[in-house]
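# Fold and contact review
Each chain, letter by letter, is given below.
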Amino acid sequence: MKIALCNEVLRPMPFEEQCRVAARLGYDALEVAPCTLTDDPLRISDAEAKEYARIAHGHDLTISGLHWLLVAPEGLSIVSADAAQRERTVRVMERMVELCGVLGGTYLVHGSPKQRSVPDGSNAAEAWERARDCLARAAKRAEACGQIYCLEPLSPRETDFVNTVEDAVRMVTEIGSPGLKTMIDCSAAGQAERVSVPDLIERWIPTGHIAHVQVNDPNRRGPGQGGMRFGAILRSLLKMRREGHYDGSIAVEPFDYGPDGPVCAAYSIGYLRGILQEIERDE
């Protein structure tokens, strides 16, 4: 089971230092937030992206994928009533797909809660139709580029749009593109789902709709830093791998880096590796 670290945990370290630290802690990859590389990710050229990939490879890491896709530039939304605003947003989404491929990644995580929450003056049905059009175009570009664009369910505390895996699967099914899937974020699932994360894994991963899993606690800290226990979660994921339903990695994505980013990253990888070693001994 390969484990990635979401690179903003090590911000504001320069990217090469992030790679050095992540590699020494035992991570296999970085999941990159483009806004950590520059204030305007649209300005990242293919040549610059290849250099980021080279730096990561120099530390025996890969760049597994991208997340926080619409944080920058400002003023993006997939549900806005303003067609021009949505068009600008789609152009960013399509470029992020291209960028992910150049960096060597295979998936993108569409979280970005503020950029998808239903705006004043609109209703949920209108927002759904607008978002579906935007996501369909991103999915088409992902399919062409050999990427998977993942619509991430997020908790109601973050957004009022797509809060459960079932919500996301509805969108994935309506669009019907192999370039669009969904994912499980343990923190969000622990807040919004009616069943446990292991049950969620065993219900939805065999359907083929789940392409990625992020590990974090409902308290928004790293795995092992809260009440959620990840032994059953990892056992369920490994079961899915053995049965041929899941070949992805997992990514550590805390939001509260206690006591600081490097310590949180170190604790998380130690906790997860320890569980995986225990499972291996048991089997």
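Here the structure is a predicted model, which means the values were calculated and not measured.

### Digging into the nonpolar core
Here is a general trend for soluble globular proteins: nonpolar side chains tend to be buried in one another's company. Core analysis: the biggest nonpolar cluster contains 82 residues, and Leu 5, Phe 15, Leu 135, Tyr 149 and Ile 184 have the highest contact counts within it. Filtering out sequence-adjacent residues up to four positions away, Ile 184 remains in contact with Val 165, Ala 189, Val 197, Leu 200, Ile 201, Ile 210, His 212, Val 213 and Gln 214. One finds Cys 6, Val 109, Cys 150 and Ala 251 within the second-largest nonpolar core, a separate group that totals eight residues.

### Brief notes about the side chain of Thr 89
For Thr 89, the position within the fold is in helix H3 (residues 83–103). Sequence-distant contacts of Thr 89, that is, excluding residues within four places in its chain, are made with Leu 70, Leu 76, Ser 77 and Ile 78.

### Digging into unusual backbone geometry
A cis amide bond links Arg 11 with the next residue in sequence, Pro 12, at an omega value of 15°. Among the secondary structure elements, Pro 12 is positioned in the loop between strand E1 (3–6) and helix H1 (15–25). Note the cis peptide between Ala 72 and Pro 73, where omega equals 0°. Tracing the chain through its elements places Pro 73 in the loop between strand E3 (62–66) and H3.

### Section: the environment of Glu 129
Assignment of secondary structure puts Glu 129 in helix H4 (residues 124–145). With 27 residues separating them along the chain, Glu 129 and Pro 156 place their C-alpha atoms 20 Å apart.

### A short note on the packing of H4 against helix H5 (residues 165–175)
Running from N to C, H4 and H5 point in directions that differ by 65°, and their axes come no closer than 10 Å. The element H4 and its partner H5 pack so that their crossing is right-handed. Seen from H4, the contacting residues are Trp 128, Ala 131, Arg 132, Leu 135, Ala 136 and Ala 139; seen from H5, they are Asp 167, Arg 170, Met 171, Glu 174 and Ile 175. Within the contact of H4 with H5, the residues separate by chemical class into seven nonpolar, no polar and four charged.

### What about the side chain of Asn 7?
Tracing the backbone shows Asn 7 in the loop between E1 and H1. With relative accessibility at 0%, the residue Asn 7 sits in the buried group. Of note is the side chain of Asn 7, whose polar atom sits 2.9 Å from the backbone nitrogen of Ala 33. Engagement of the side chain of Asn 7 in a polar contact is seen with the side chain of Thr 36, the distance being 2.8 Å. In this view, Asn 7 contacts Gln 18, Leu 30, Glu 31, Val 32, Ala 33, Thr 36 and His 67; residues no more than four positions away in its chain are not counted.

Rules and cut-offs
- Residues numbered from 1 in each chain as written.
- Predicted model: local features only at pLDDT ≥ 70, side-chain atom pairs only at ≥ 80, totals over all residues.
- Heavy atoms only, no water.
- Core = buried A, V, L, I, M, F, W, Y, C linked by side-chain atoms within 4.5 Å.
- Buried < 20%, exposed > 50% of the residue type's maximum accessible area, 1.4 Å probe, protein only.
- Contact = heavy atoms within 4.5 Å.
- Helix = DSSP H or I, 4+ residues; strand = E, 2+ residues; numbered from the N terminus.
- Axes fitted to C-alpha atoms, helices over the stretch in contact; angles between N-to-C directions.
- Left-handed = near helix turned anticlockwise from the far one by under 90°.
- Nonpolar A, V, L, I, M, F, W, Y, C, P; charged D, E, K, R; others polar.
- Polar contact = N/O pair within 3.5 Å; in protein donor to acceptor, adjacent residues only side chain to side chain.

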